[in-house]
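Inside the fold
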Amino acid sequence: MPSVEVLLTRLDPDVPVPSYARPGDAGADLVTTSDLVLPPGERAVVGTGVAIALPIGFAAFVHPRSGLAARAGLSVVNTPGTIDAGYRGEIKICLVNHDLREPIKLLRGDRIAQLVIQRVEQAEFREVAELPESVRGAGGYGSTGGAAALAGQRAGQHDGSPDVTEV
């Protein structure tokens, strides 16, 4: 798997350097530097104790950890959070508790998110009077049928397919 050197400073010397759980993983785990209880529906910005310097042409994206999202409802508010190559401050994460009933207790050192490093391009925007045609056209949200099927079910209609309760 190709790699890119990312310079890192630990602002909190006791936190681990972000690391990949398994070979080939896309996201390196980030931890929280503080203990906190996040009530249902609430959000908080937490520090990770690290700062990075990305090469020009790369960006880092902070993603939720899928297990925490599925089991506890913990997510990242601005998913994915974007870290530009020029940013040198501490990586902070805006977490949200989507669980409707239970608070989430986080302890210092808990893995809370994943950091994905990707090559990025800058666009050269060129204004034109009209865009070229495409198969999709201007169809937006739900235009490929997924949302339309749900709308029929909400209206009391059923298409005969089995009910799905687990993803």
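Here the structure is a predicted model, which is why all the values come from computation and not from measurement.

A few points about the sheet that holds strand 5 (residues 58-64)
Reading across from one edge, 2-10-5-7 is the order of the four strands in this open sheet, with antiparallel pairing throughout. Strands with a single pairing partner mark the edges of an open sheet, and in this sheet they are strand 2 (28-31) and strand 7 (81-83). Here the average twist between neighbouring strands, direction ignored, is 35°. As defined by bridge partners, strand 5 adjoins strand 7 across three bridges and the pair is classed as antiparallel. Pairing of Phe 61 across the sheet is with Thr 82, part of strand 7.

Description of the sheet that holds strand 1 (residues 7-10)
Sheet architecture is open: four strands sit in the order 1-4-8-6, paired in antiparallel fashion. The two strands at the open ends of the sheet, each matched to only one other strand, are strand 1 and strand 6 (74-76). Looking at each pair of strands side by side, their axes are set apart by 45° on average, direction ignored. Strand direction decides the pairing type here: strand 6 and strand 8 (residues 90-97), joined by three bridges, are antiparallel. Bridged to Ser 75 within strand 8 is Val 96.

Some words on the nonpolar core
Residues Val 62, Ile 83, Ile 91, Ile 93, Leu 95 and Leu 115 are the most contacted members of the largest nonpolar core, which totals 25 residues. Contributions of two or more residues to this core are made by strand 2, strand 3 (36-38), strand 4 (43-53), strand 5, strand 6, strand 8, strand 9 (104-106) and strand 10 (111-119). Among residues more than four places away in sequence, those in contact with Ile 83 are Ile 52, Leu 54, Ala 59, Ala 60, Val 62, Ile 91 and Leu 115.

Regarding the UniProt feature "binding site: substrate" (unreviewed entry) in the chain
Sites flagged by UniProt as "binding site: substrate" (unreviewed entry) map to Arg 65, Ser 66, Gly 67, Asn 78, Thr 82, Ile 83 and Asp 84. Following the sequence through the fold, Ser 66 ends up in helix 1 (residues 66-72). In this structure Ser 66 comes out as exposed when scored by relative accessible area, which is 58%. Along the polypeptide, Ile 83 turns up in strand 7.

Describing the environment of Asn 97
Topologically, Asn 97 is positioned in strand 8. We classify Asn 97 as buried; its relative accessible area is 0%. A sequence separation of 21 residues divides Asn 97 from Val 76, and the C-alpha atoms of the two residues are 8.8 Å apart. With sequence-adjacent residues up to four places away left out, Asn 97 is seen in contact with Leu 38, Pro 39, Pro 40, Gly 41, Glu 42, Ala 72, Gly 73, Glu 102, Pro 103 and Ile 104. Within polar-contact distance, the side chain of Asn 97 engages the backbone nitrogen of Asp 99 at 2.8 Å.

Observations regarding the side chain of Thr 48
Locating Thr 48 in the fold gives a position in strand 4. Beyond its immediate sequence surroundings of up to four residues, Thr 48 is in contact with Val 15, Leu 30, Val 31, Thr 33, Glu 90, Ile 91 and Ile 93.

Basis of the calculations
Residues numbered from 1 in each chain as written. Predicted model: local features only at pLDDT ≥ 70, side-chain atom pairs only at ≥ 80, totals over all residues. Heavy atoms only, no water. Pairing = 2+ DSSP bridges. Helix = DSSP H or I, 4+ residues; strand = E, 2+ residues; numbered from the N terminus. Axes fitted to C-alpha atoms, helices over the stretch in contact; angles between N-to-C directions. Core = buried A, V, L, I, M, F, W, Y, C linked by side-chain atoms within 4.5 Å. Buried < 20%, exposed > 50% of the residue type's maximum accessible area, 1.4 Å probe, protein only. Contact = heavy atoms within 4.5 Å. UniProt positions renumbered as here; feature names shortened; annotations may be inferred. Polar contact = N/O pair within 3.5 Å; in protein donor to acceptor, adjacent residues only side chain to side chain.

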